[in-house]
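# Analysis of the macromolecular model
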Amino acid sequence: MLALAANRTFRDSDGKLSLDAGAFAAALEFASQRDAIVLGKPAPAFFRSALATINCTEGEAVMIGDDAETDVAGALRIGFAHALLVRTGKYRHGDEGRFEPAPTATLRDISAAVDWILAKRREAG
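A brief structural summary. (Residues numbered from 1 in each chain as written. Predicted model: local features only at pLDDT ≥ 70, side-chain atom pairs only at ≥ 80, totals over all residues. Heavy atoms only, no water.)

So, on to helix α4 (residues 110-124). Its 15 residues place the ends of α4 21 Å apart at the C-alpha level, agreeing with the 21 Å of an ideal helix rising 1.5 Å per residue. Listed as buried for α4 are Ala112, Ala113 and Trp116. The buried residues of α4 all sit within an arc of 105° when viewed along its axis, so they share a single face. Across α4 from its buried face, at more than 90 degrees, point the exposed residues Ile110, Arg121 and Arg122. Buried positions along α4 lie against β5 (62-65), β6 (82-86) and β7 (105-107). Residue Asp109 occupies the N-cap position of α4, its side-chain oxygen lying 3.2 Å from the main-chain nitrogen of Ser111. Positive phi shows up at Gly125, right after α4, with a value of about 90°. (Helix = DSSP H or I, 4+ residues; strand = E, 2+ residues; numbered from the N terminus. Expected span 1.5 Å × (residues − 1). Buried < 20%, exposed > 50% of the residue type's maximum accessible area, 1.4 Å probe, protein only. Arc of directions from axis to C-beta. Contact = heavy atoms within 4.5 Å. Polar contact = N/O pair within 3.5 Å; in protein donor to acceptor, adjacent residues only side chain to side chain.)

Structure below.
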């Protein structure tokens, strides 16, 4: 059984959170008593494949995402240098403390995340 992702929710067209593929994959795993192979986030192979396309190592990488569980914790679990949670998209108040590992930083939006990355680069010299 293949699952596209293990995400719990996504922000639907009505602006509310709806069940994502992960919830349905979990139900099918339970019913079939088989584990799904996850092709997308938070599977380590997904992140490593993305890094391979840009010739970047985990230790150099920074993930920016609105999902503290699959974007942020998934990237940090495989060794990304940093993972930044943005308060846009499906972010909900308190997400930064809901999952382990916690985000390196929680920022307003992608623009603030880019500023954070650029500041880190300046600090590194």
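Back to the text.
Here the focus is the side chain of Asn7. By the element assignment, Asn7 lies in the loop between β1 (2-3) and β2 (9-11). A polar atom in the side chain of Asn7 sits 3.5 Å from the side chain of Thr70. Setting aside residues up to four positions removed in sequence, Asn7 forms contacts with Asp20, Ala21, Gly22, Ala23, Lys41, Asp67, Thr70 and Lys90.

Next up on the list: unusual backbone geometry. In this structure, the amide linkage connecting Lys41 to the following residue, Pro42, adopts the cis form with an omega of 5°. In this structure, Pro42 sits in the loop between β4 (37-38) and α2 (44-53). In this structure, the amide linkage connecting Glu100 to the following residue, Pro101, adopts the cis form with an omega of -5°. Residue position: Pro101 is located in the loop between β6 and β7. The backbone phi angle of Gln33 is positive, close to 55°, even though this residue is not glycine. In this structure, Gln33 sits in the loop between α1 (21-32) and β4. Here the phi dihedral of Asn55 falls at roughly 55°; this positive angle occurs in a residue that is not glycine. Within the element layout of this structure, Asn55 appears in the loop between α2 and β5.

Among the secondary structure elements, Asp95 is positioned in the loop between β6 and β7. Reaching out from Asp95, the side chain makes a polar contact with the backbone nitrogen of Arg92 at a distance of 2.8 Å. With sequence-adjacent residues up to four places away left out, Asp95 is seen in contact with Ala68, Leu85 and Lys90.

With that out of the way, let us pick up the packing of aromatic side chains. Per the stated rule, a full pass over the model turns up two aromatic pairs. Judged by centre distance (5.6 Å) and plane angle (80°), the rings of Phe46 and Phe47 are edge-to-face. Here Phe46 falls in the partly exposed class, since its relative accessible area comes to 34%. By relative accessible area, which is 3% here, Phe47 ends up buried. By way of ring pairs, the aromatic residues Phe46, Phe47 and Phe80 are connected into one cluster. (Phe/Tyr/Trp six-rings, centres within 6.5 Å; stacked < 30°, edge-to-face > 60°.)

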